[in-house]
Amino acid sequence: MSKTHSYIKIDPWKISEEGFDPKRVKSSESIFSLGNGAMGQRANFEERYSGPTFQGSYVGGVYYPDKTKVGWWKNGYPEYFAKVLNAPNWIGMDLFVDGNPLDLFKSKKVKHFRRELDMQTGIYLRSFEVEMQSGKVLDIQIKRFLSLTEASLGVIQFNVKVLQGNCSLSMESFVDGDVRNQDSNWDDPFWNHIETEATDKLIGIHSKTNKSNFEIFTYAYTYFEDSKGKAVKDNTLITSKNRLAHLLDCQLKTGESCSFVKLGGYINGRHHPSITFKAKAIQLINNYSDKSFDTLAHQQALEWSKIWEDADIQIEGDVAAQQAIRYNIYQLNQTYNGKNAELNIGPKGFTGEKYGGSTYWDTEAYCLPFYMATKGPEIARNLLKYRYNQLEKAIENAEKLGFKRGAALYPMVTMNGEECHNEWEITFEEIHRNGAIAYAIYNYERFTGDTQYIPEMGIEVLVGIARFWAQRVNFSNAKKAYVILGVTGPNEYENNVNNNWYTNYIAKWCLEYTLSHCLKIQHENPTVWKALTVKLNFVIDELNEWKEIAKAMYLPKHPEQELFLQQDGFLDKTLDNVNQIPVKQRPINQHWSWDRILRSPYIKQADVLQGFYFFGDHFNHQALETHFDFYEPLTVHESSLSPCIHAILAARLNRMNQAYSFYLQTSRLDLDDYNKEVEEGLHITSMAGTWLSVIEGFGGVQIIDNKLYLNPKLPNHWSALKFKLFFRGTWIQVKVSKSGVEINKNNPDVKVICQGKTY
Ligand code: BGC
């Protein structure tokens, strides 16, 4: 069934790789990453490996404020850039064969190497046959998962079979605090290990991050599993500074095998007081070491089956597309489970260090709809609450930049509400992020039907954002309109431009939207309104001021055509299409100097078109077509967030071939490593964009005037598409096939308008 498509095999449920190639190790470490929402890790080998590797194991919400490093300091820059931390290693299992370490990089021969991630069960497997330098041959099979029910538990089963020669085996299964981040500004030590614990039942390291003082306990316990899956608890301890191991020995003859099971992971001080660390680890070990690996794996598969029940998308007639969407859904579920409003979704999730593990506008602009529709309103509310809880910091952030009276500027990049980014053109200028945060509140309300969030919390965020826009604009006497000067739009290949259309448009919308909600609360709930006016210190006429600004907001337009311009002066550029750039010079951000990029007309990612996507119902088909035809040919899609938006818009324009090719680009970005950078980690937030491109692109889901529309259009070779959405308290199941659309829902009050017909 499977055929080769890059080196990852095509299969509807499995991600697999065959053959050992040291050059692929780092990429596969990203692709086969595991996570359970609370912690996550790259698919590093358990046993010793001396070849090139990128070690990474991360704990949700645990970071180090690495002191900013810039060439030229600018006032207003943040002091630090939060870094997600490579945490102590708990998976390490060094296998010694007659005293010699197993190391695939140095072994004589490796045969039948295979990695397989079974997305249905959540189990990751690696197997191979290895010939040691001594000529002894072993068959190894390792399975691993991070428990979905126990946030702090990971499980590994390491099976060894001797194929040739009698062997004396020693398994040194360890926890190791001697870890580093690849990305570190000043080579500071990020961790301080304060205590270790070593008994025959538990090895553990209690560590504290420097400066940020997060505490974690990295623990493990390893035992033999006999042929009936029963634990045989017999080990010796090896301890050295910050590295503790359980040693298990055995003798095997040709044909014999043995199995080691390791339980371990991190107990996070954010959820468990450090005084309980040891007790919690012992409790986990006691509870789980009596169950066989297969029993634990079975429980894990049950948890995944619950997730798939709600989140699966089925595509018939295209296995590559099917595999890709499942992979994206799988990774999104590994990254964030919404149980904790303190956590968020970093662009690389738990799969790498890039972007510091911090929160970007990606969450609101791309990720929220996925969690909202597949996990329900509470989980989505937690994503909104994350920003609500950081409102005070956003106000402080705006104050640092000279804004007043409760104006809030949310950071471009953050862990705890404080800005971390330190490039002036982004930190100070990419202010459109504020708009996405307001948009998410609107998107949440219209999708979930939860009308309480705004009066309870959302309104405070909206007011802070509206105040920011009201102070950020200035009235231009020349234009007789309000303008927004010196910004960077979503297209980061233009900096310090005036009147970026997208920014001005979303600012205008934010003001109008906030105003409408203020008036609604005033009218429907005068007591709440009164309390708000006091809490938020409303000044007389503030609402009128917003109204005036929104009405007179300047939106740059082509002088002769019905076309919005990306920014003032855009037409001065030489508007050559992207296909005039020699292939060898792509991506331009790796080949061109920055000034050349800035002077070029090339667009990194959807900018004006991002606005057409968000506000699809504000523009007609003709306007969308005109803008798509003008801007897409200038777009280099050098952000992973770009193809998904273009897939949706192309589908809205009935350009199904183009929509499909954008879809493949977004959905198989990591599996096929389109950008030749997957070794740095996966593009987690753009995976949510992939989901959008199926649901909103091919499924044609849109909310217009408070009504849910479905306008499905499938790529020609898809015979069917099935998905489910949790819309306003009801599961809506949709099946689109050549014979038509079937909609099932269990609440007759929820209306769906499909191809013009109301259900
Ligand atoms: C994009 C941003 C995005 C960030 C993190 C950048 O390349 O231009 O829009 O927020 O990556 O995904």
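Everything below is about the structure shown above.
Fair warning: this is a prediction, and the values are worked out from it, not measured in the lab.

Conventions adopted
Note that residues are indexed from 1 along each chain, following the sequence as it is written. Given that the model is predicted, a residue must reach a pLDDT of at least 70 before its local features are reported, and side-chain atom pairs must reach 80 or more before they are shown or counted; all residues, however, enter totals for whole chains, interfaces and linings. Side-chain metrics in this entry use all non-hydrogen atoms of the structure; hydrogen atoms and water are not considered. Side-chain rings of Phe, Tyr and Trp, where Trp is taken by its six-membered ring, are said to pair if the distance between their centres is within 6.5 Å; with planes under 30 degrees apart they count as stacked, over 60 as edge-to-face, and otherwise as tilted. Labels follow the DSSP assignment, with helices taken as runs of H or I lasting at least four residues and strands as runs of E lasting at least two, numbered in each case from the N terminus. Each residue is assigned to one of three classes by its accessible area relative to the maximum for its type, calculated with a 1.4 Å probe on protein chains only: buried under 20%, partly exposed between the two thresholds, exposed over 50%. Note on geometry: a ring has a charge over it if NZ (lysine) or CZ (arginine) is within 6 Å of the ring centre and within 35 degrees of the ring normal. Note on definitions: a residue-residue contact is assigned when non-hydrogen atoms from the two residues lie within 4.5 Å. Every axis in this analysis is a line fitted to C-alpha atoms, fitted for helices over the stretch in contact. Angles between the N-to-C directions lie between 0 and 180 degrees. What sets the label is the angle itself: under 35 degrees gives roughly parallel, over 145 gives roughly antiparallel, 65 to 115 gives roughly perpendicular, and the rest give oblique. Side-chain classes follow a simple rule in which Ala, Val, Leu, Ile, Met, Phe, Trp, Tyr, Cys and Pro form the nonpolar group, Asp, Glu, Lys and Arg form the charged group, and the remainder, Gly included, forms the polar group. A single heavy atom is enough: if one lies within 4 Å of a molecule or strand, its residue is considered near that molecule or strand. We define a polar contact as two N or O atoms separated by no more than 3.5 Å, with the added condition that, inside protein, one atom must be a possible hydrogen donor and the other a possible acceptor, whereas residues neighbouring each other in sequence contribute only through side-chain atom pairs. Surface accessibility follows the Shrake-Rupley procedure with a 1.4 Å probe radius. Residue values consider only the protein chains on display as shielding.

To continue, consider the packing of aromatic side chains. Two numbers describe a pair of aromatic rings. These are the distance of the centres and the angle of the planes. Per the stated rule, a full pass over the model turns up 61 aromatic pairs. Both rings, one in Tyr-355 and one in Tyr-360, keep their centres 5.4 Å apart while their planes meet at 85 degrees; by these two values the pair is edge-to-face. Arranged with centres 4.9 Å apart and planes meeting at 65 degrees, the rings of Phe-698 and Trp-718 form a pair that is edge-to-face. Linking Phe-698 in helix H20 (residues 684–698) with Trp-718 in the loop between strand E27 (707–710) and strand E28 (720–727), this pair joins segments that are 20 residues apart in sequence. Neither residue differs from the other here; Phe-698 and Trp-718 are each classed as buried. Over the ring of Phe-174 we find Lys-262; its NZ or CZ atom is 5.7 Å from the centre of that ring. In this structure, Lys-724 is placed above the aromatic ring of Trp-731, and the distance from its NZ or CZ to the ring centre is 4.8 Å.

Turning to helix H18 (residues 642–652), a few remarks are in order. Counting buried positions along H18 yields 11 of 11 residues, so the element is predominantly enclosed. Taken together, the buried positions of H18 are Ser-642, Pro-643, Cys-644, Ile-645, His-646, Ala-647, Ile-648, Leu-649, Ala-650, Ala-651 and Arg-652. Buried residues along H18 sit in contact with helix H5 (362–375), helix H16 (608–614), helix H17 (621–631), helix H19 (656–667), H20 and strand E26 (702–704). Once H18 ends, the next one or two residues include Asn-654, with phi positive near 65 degrees.

Once that is clear, we can look at the packing of H5 against helix H6 (residues 377–389). One can describe the packing of H5 onto H6 by two numbers: an axis separation of 7 Å at closest approach and a directional angle of 155 degrees. When the axis of H5 is compared with that of H6, the two are roughly antiparallel. Contact with H5, carried on its side by Thr-363, Glu-364, Leu-368, Tyr-371, Met-372 and Lys-375, involves Pro-377, Ile-379, Ala-380, Leu-383, Leu-384 and Arg-387 of H6 and no other residues of that element. Of the residues assigned to the contact of H5 with H6, the class counts are eight nonpolar, one polar and three charged.

Attention now moves to the site of the ligand. All residues in the neighbourhood of the ligand are listed as Pro-347, Tyr-355, Tyr-360, Trp-361, Asp-362, Glu-492, Lys-604, Gln-605, Ser-639 and Leu-641. With respect to the ligand, the side chain of Tyr-355 contributes an N or O atom lying 3.5 Å from an oxygen atom. Between an oxygen atom of the ligand and a side-chain N or O atom of Asp-362, the distance comes to 2.5 Å. Relative to its unbound accessible surface of 310 Å², the ligand loses 91% to contact with the protein. The residue makeup of the shell around the ligand, split by class, is five nonpolar, two polar and three charged.

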